[in-house]
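Take a look at the letters that make up each chain.
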Amino acid sequence: MSHAPHLTARPGGPLRGTVRAPGDKSMSHRSLILGAMASGVTEIEGLLEGEDVLATARAAEAFGARVERVGDGRWRVTGKGGLRTPAGVIDCGNAGTGVRLLMGAAAGYAISATFDGDASLRSRPMGRVTDHLTRMGATFAWSGKPGLLPAVLTGGALSAIDHVQTVASAQVKSAILLAGLNATGVTSVTEPEKSRDHTERMLRAFGATVDVEAAGEGWVIRLQGGQPLTGTTVAVPGDPSSAAFPLAAGLIVPGSEVTVEGVMLNPLRTGLFDTWIQMGADLTLTNRRVAGGEDVGDITARHSRLKGVVVPEARAASMIDEYPILAATAAFAEGVTVMRGVGEMRVKESDRIRLMVDGLRACGVAVDEEPDGFLVTGGPVPGGATVHTAHDHRIAMSHLVLGLAAAAPVTVDEPDMIATSFPGFEAMMRGLGGDLT
């Protein structure tokens, strides 16, 4: 963490080296929450120790579990077979995944809990989850505008629902399934387009039965209520969303060769890598294996001549968090990269479409903005700008990577927020040869 108001990336020599991706953020949140809901001890290896996940760890403890850090990335959660009413407010900080999944988990118990977060989280829509939890029988009292934090949840006595997703969202699906664990009946979620399936996989690891049936291009997930969870061992693989940043730098900085070890290769998370290959990226996958129930491998990125592509809209669910860094690499590609069907980006930690458009334009890149996407025309990138990040870690890291290959330095504000998801980002990039000051 820089503890400075600005951080600047300067163009320099090639980036070279081998690094390990930090633990996957999605799995880190889920391992702590399921560990708190379960009976007995859950041992977690490779937990991401970023601010978002640490907020979820504090929440798990507030709900009655014993949560201990026993080593670097090693945590132990001792659950009591359910969640208890917390003594104070559950402050989820900036963690959208954390708060939405915690709401789903807590809704199934006859408890009351107040959820809150920072200014950014208070501006993000909760109704996409709370509306469905209300259908199941939970109630929410809003302190301000309905659908925005802070909110008081009263749970218990839930009934199962059959939910059909209109937008692929692992957060919505997961919240409903977590609530369904303690609902009467069989809860089902139908996804016309598949979203990441970490919750389903992890529920099975904790002893639950989850049925998944193919349905067209998607699937139907069913979960019988009343199933107990038992503590287990969770090995968290490297986060592909975080691995994307050093790999992107390897692709766009001339002469570079960067390897990231231990990256999760769940096919519902690899859309960015598929897109880069489509663009002509020199990506090599080695040492493929299974860890923690997930496919894992080592990825090497070498400097490449990229070309613009039309990203299939159906790919959005598998890479929604990676569009900012895709846009940064597209700035160096020959031709136009078209990214549509990604309106979800506007309700993340920030309006990521707007911020990427503004930041890239400030760096001299031609960008066309649309309501649900944007088009980036690549070429030489002048750089030389100070980019406003709206306290969004992915916007900051994407522009810093861009600055390593631009003609002039690129500066971002509020760099401390990078620790939200990638606490070792600066040190890692410097270790590869990147000039960040």
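Throughout, residues of each chain are indexed from 1 in the direction in which the sequence is written. For a predicted model such as this one, the threshold for reporting local features is a pLDDT of at least 70, and the threshold for listing and counting side-chain atom pairs is 80 or more; totals across whole chains, interfaces and linings nevertheless cover every residue. Side-chain descriptors were evaluated using all non-hydrogen atoms of the structure, hydrogens and water having been removed beforehand.

Colleague: How do you make sense of the sheet that holds strand E24 (residues 386–387) when you look at a structure like this?
Modeller: Sheets are built from strands paired through backbone hydrogen bonds, the pairs being either parallel or antiparallel. In this description, strands pair whenever DSSP reports at least two bridges between them. Put simply, DSSP marks the helices as runs of H or I at least four residues long and the strands as runs of E at least two long, and each gets a number from the N terminus on. The strand order across the open sheet formed by four strands is E24-E25-E1-E26, and the pairing between neighbours is mixed. Two strands bound the open sheet, and with one partner strand each, they are E24 and strand E26 (435–436). Bridging between strand E1 (residues 6–10) and strand E25 (residues 410–413) involves four bridges; their strand directions are antiparallel. Each residue of the ladder has a partner; that of leucine 7, found in E25, is valine 412.

Colleague: Just checking my understanding: could you explain the side chain of glutamine 227 for this structure?
Modeller: Relative to the assigned elements, glutamine 227 resides in the loop between strand E15 (218–224) and strand E16 (233–235). For glutamine 227, a relative accessible area of 15% gives the class buried. Among the polar contacts listed, one links the side chain of glutamine 227 to the backbone nitrogen of threonine 209, at a separation of 2.6 Å. Whenever two N or O atoms come within 3.5 Å, that pair is a polar contact, provided that in protein one can donate a hydrogen and the other can accept it, and provided that, for residues adjacent in sequence, both atoms are side-chain atoms. At a separation of 2.9 Å, a polar atom in the side chain of glutamine 227 contacts the main-chain carbonyl oxygen of glutamine 224. Working definition: with a 1.4 Å probe on protein chains only, accessible area under 20% of the residue-type maximum means buried, over 50% means exposed, and in between means partly exposed.

Colleague: Looking at this structure, how should I read helix H7 (residues 198–205)?
Modeller: For an α-helix, the turn length of 3.6 residues means that residues three or four places apart are oriented alike. All of the buried residues along H7 are His198, Thr199, Glu200, Met202 and Leu203. Once H7 finishes, glycine 207 follows within two positions and takes phi at roughly 100°, a positive value.

Colleague: Help me out: how do you make sense of the packing of aromatic side chains in this one?
Modeller: Note on aromatic pairs: each is described by the distance of the centres and the angle between the planes. Between 30 and 60 degrees the pair is tilted, below 30 it is stacked and above 60 it is edge-to-face, where a pair is any two Phe, Tyr or Trp rings, Trp via its six-membered ring, whose centres lie within 6.5 Å. Inspection of every chain in the model, using the stated rule, returns five aromatic pairs. Ring geometry for phenylalanine 140 and tryptophan 142: centres 5.8 Å apart, planes at 15°, overall stacked. On the numbers, 6.2 Å between centres and 80° between planes, the contact of phenylalanine 245 with phenylalanine 425 is edge-to-face. Here phenylalanine 245 is found in helix H8 (residues 240–252), whereas its partner phenylalanine 425 is found in helix H13 (residues 425–431), with 180 residues between them in sequence. For phenylalanine 425, a relative accessible area of 1% corresponds to the buried category. Members of the aromatic cluster, joined through ring pairs, are Phe245, Phe422 and Phe425.

Colleague: Can you help me understand the pattern of salt bridges in this one?
Modeller: Pairs may arise between side chains of opposite charge once their charged atoms sit close together. The term salt bridge refers to a side-chain nitrogen of Lys or Arg lying within 4 Å of a carboxyl oxygen of Asp or Glu. Counting across every chain of the model gives 31 salt bridges. Across the salt bridge formed by arginine 201 and aspartate 197, the nearest N and O atoms sit 3.1 Å from each other. Across the pair arginine 352 and glutamate 349 runs a salt bridge whose closest N-O atoms are separated by 2.9 Å. With relative accessibility at 0%, the residue arginine 352 sits in the buried group. Take glutamate 349: its relative accessible area is 9%, and that puts it in the buried class. One salt-bridge network, in which partners are shared between bridges, spans Arg124, Asp321, Lys348, Glu349, Arg352 and Asp392.

Colleague: How do you make sense of empty space enclosed by the protein when you look at a structure like this?
Modeller: Vacant regions in the atomic arrangement are exposed by a probe of water-molecule size rolled over the atoms. Only protein atoms enter the 1 Å grid, on which a cavity is a set of points fitting a 1.4 Å probe that cannot get out and a pocket is an open set with protein on both sides within 12 Å along at least 5 of 7 lines, lining residues being those with an atom within 4 Å of a point. Grid points are joined across faces, edges and corners, and a volume is the space filled by probe spheres set on the points. Taken as a whole and judged by the stated rule, the model has two cavities of 30 Å³ or more. Computed from the structure, the second largest cavity encloses a volume of approximately 30 Å³. Lining of the second largest cavity is provided by Arg10, Pro11, Gly12, Gly13, Leu15, Val253, Leu404, Gly433, Gly434 and Asp435. In the scheme used here, Gly and all other residues not listed as nonpolar or charged are polar, with Ala, Val, Leu, Ile, Met, Phe, Trp, Tyr, Cys and Pro taken as nonpolar and Asp, Glu, Lys and Arg as charged. Residues belonging to the lining of the second largest cavity are distributed by class as follows: four nonpolar, four polar and two charged.

Colleague: Would you take a moment to explain the sheet that holds strand E8 (residues 139–142) for this structure?
Modeller: A sheet is described by the order of its strands in space; here four strands give the open sequence E6-E7-E9-E8, paired in mixed fashion. Where the open sheet ends on each side, the last strands, each with one partner, are strand E6 (90–91) and E8. The contact definition used throughout considers only heavy atoms, calling two residues in contact when any of these lie within 4.5 Å. What counts as an axis is a line fitted to C-alpha atoms, over the stretch in contact for a helix, and the angles between N-to-C directions run from 0 to 180 degrees. Against the sheet, helix H3 (residues 96–107) contacts E6, strand E7 (112–116), E8 and strand E9 (151–154), and its axis sits at roughly 175° relative to E7.

Colleague: Which parts of the structure should I look at to understand the nonpolar core?
Modeller: Taken as a class, soluble globular proteins show a tendency for nonpolar side chains to be buried jointly. Among buried residues, the Ala, Val, Leu, Ile, Met, Phe, Trp, Tyr and Cys ones that are joined through side-chain atoms within 4.5 Å form a nonpolar core. Judged by nonpolar contacts, the single largest core of 75 residues is most densely connected at Trp276, Tyr323, Phe374 and Val376. Residues in contact with valine 376, not counting those within four places in the same chain, are Ala327, Ala330, Ala331, Gly335, Val336, Thr337, Met339, Leu360, Val365, Ala366 and Val367. Within the second largest apolar cluster, 68 residues are counted, among which are Leu47, Leu177, Leu181 and Ala208.

Colleague: So what exactly am I meant to see when it comes to the pairing of strand E18 (residues 282–291) here?
Modeller: Across a regular strand the side chains alternate sides, sitting on one face of the sheet and then on the other. Summarising the sheet, E18 and strand E19 (residues 294–302) pair through eight bridges and their orientation is antiparallel. Counted as the bridge partner of valine 290 is aspartate 295 from E19.

Colleague: Explain the environment of aspartate 211 to me, please; I cannot follow it from the model alone.
Modeller: Among the secondary structure elements, aspartate 211 is positioned in strand E14 (residues 210–215). Relative accessible area serves as the criterion here: at 46%, aspartate 211 is assigned to the partly exposed category. The contacts of aspartate 211, once residues within four sequence positions are left out, are Val220, Ile221 and Arg222.

Colleague: Sorry if this is basic, but what is going on with helix H6 (residues 170–180) here?
Modeller: Here H6 lies mainly inside the structure; eleven of its eleven residues are buried. Residues of H6 that are buried: Ala170, Gln171, Val172, Lys173, Ser174, Ala175, Ile176, Leu177, Leu178, Ala179 and Gly180.

Colleague: Would you mind going over the layout of surface pockets with me for this structure?
Modeller: Here the largest pocket defines a volume of roughly 620 Å³. Forming the boundary of the largest pocket are 37 residues, of which Ala168, Ser169, Ile320, Glu344 and Lys348 lie nearest the centre. Going through the elements one at a time, helix H1 (25–37), H3 and H6 are the ones with two or more residues in the lining of the largest pocket. With four residues, H1 is the largest single contributor of residues to the lining of the largest pocket. Class assignment of the residues belonging to the lining of the largest pocket gives a composition of ten nonpolar, twelve polar and 15 charged. The volume enclosed by the second largest pocket comes to roughly 350 Å³. Arg20, Ala21, Pro22, Gly23 and Gly46 are the residues nearest the centre of the second largest pocket, which is lined by 22 residues in total. The residue makeup of the lining of the second largest pocket, split by class, is twelve nonpolar, six polar and four charged.

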